[in-house]
Amino acid sequence: MKIELTDKQVEVIAESLIYMGTEWGNCVRGLNHNPDDVQFDYWTEKSKKQVRSQYRIARNILPKLGYSKDNI
């Protein structure tokens, strides 16, 4: 499916991905560096896998919108 977007819509989507990608990235880094942290005690394996997937997808979409994946 191909969707036509205006420049403003692309900008909003990119900003959202950057914001949420940063949030997801922080969670992924926390999970990878300190998996025994108390804040991750209630996370299920499914939720850990989901946040890693969301972060990866956000990093892959940004270059397609003309942004650097390093933004997040």
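The structure we're discussing is the one just above.
Cut-off values and rules
- Residues numbered from 1 in each chain as written.
- Predicted model: local features only at pLDDT ≥ 70, side-chain atom pairs only at ≥ 80, totals over all residues.
- Heavy atoms only, no water.
- Salt bridge = Lys/Arg side-chain N within 4 Å of Asp/Glu carboxyl O.
- Helix = DSSP H or I, 4+ residues; strand = E, 2+ residues; numbered from the N terminus.
- Buried < 20%, exposed > 50% of the residue type's maximum accessible area, 1.4 Å probe, protein only.
- Contact = heavy atoms within 4.5 Å.
- Axes fitted to C-alpha atoms, helices over the stretch in contact; angles between N-to-C directions.
- Parallel < 35°, antiparallel > 145°, perpendicular 65-115°, else oblique.
- Left-handed = near helix turned anticlockwise from the far one by under 90°.
- Nonpolar A, V, L, I, M, F, W, Y, C, P; charged D, E, K, R; others polar.

With that out of the way, let us pick up the pattern of salt bridges. Counted under the stated rule, the structure contains one salt bridge. One salt bridge in this structure joins Lys48 and Glu45, with 3.4 Å as the shortest N-O distance. Of this pair, Lys48 and Glu45 both sit in helix H2 (residues 45–61), three residues apart, roughly one helical turn. Note on Glu45: relative accessible area 57%, which makes it exposed.

Tracing the backbone shows Ile72 in the segment after H2. Given the relative accessible area of 13%, Ile72 is considered buried. Spatially, the C-alpha atoms of Ile72 and Ala58 are 8.5 Å apart, while their sequence positions differ by 14 residues. In this structure, Ile72 is in contact with Leu17, Ile18, Gly21, Thr22, Tyr55, Ala58, Arg59 and Leu62, ignoring residues within four places of it in sequence.

Before going further, it helps to spend a moment on the packing of helix H1 (residues 7–33) against H2. Two measures define how a pair of helices packs: the angle their axes make with one another and the distance between the axes. One can describe the packing of H1 onto H2 by two numbers: an axis separation of 9 Å at closest approach and a directional angle of 135°. When the axes of H1 and H2 are compared, the pair comes out oblique. The handedness of the crossing between H1 and H2 is left-handed. Where H1 approaches H2, its residues Leu17, Gly21, Trp24, Gly25, Cys27, Val28, Arg29, Leu31 and Asn32 are matched on the opposing element by Lys48, Val51, Arg52, Gln54, Tyr55, Ala58 and Ile61. Of the residues that constitute the contact of H1 with H2, the class distribution is nine nonpolar, four polar and three charged.

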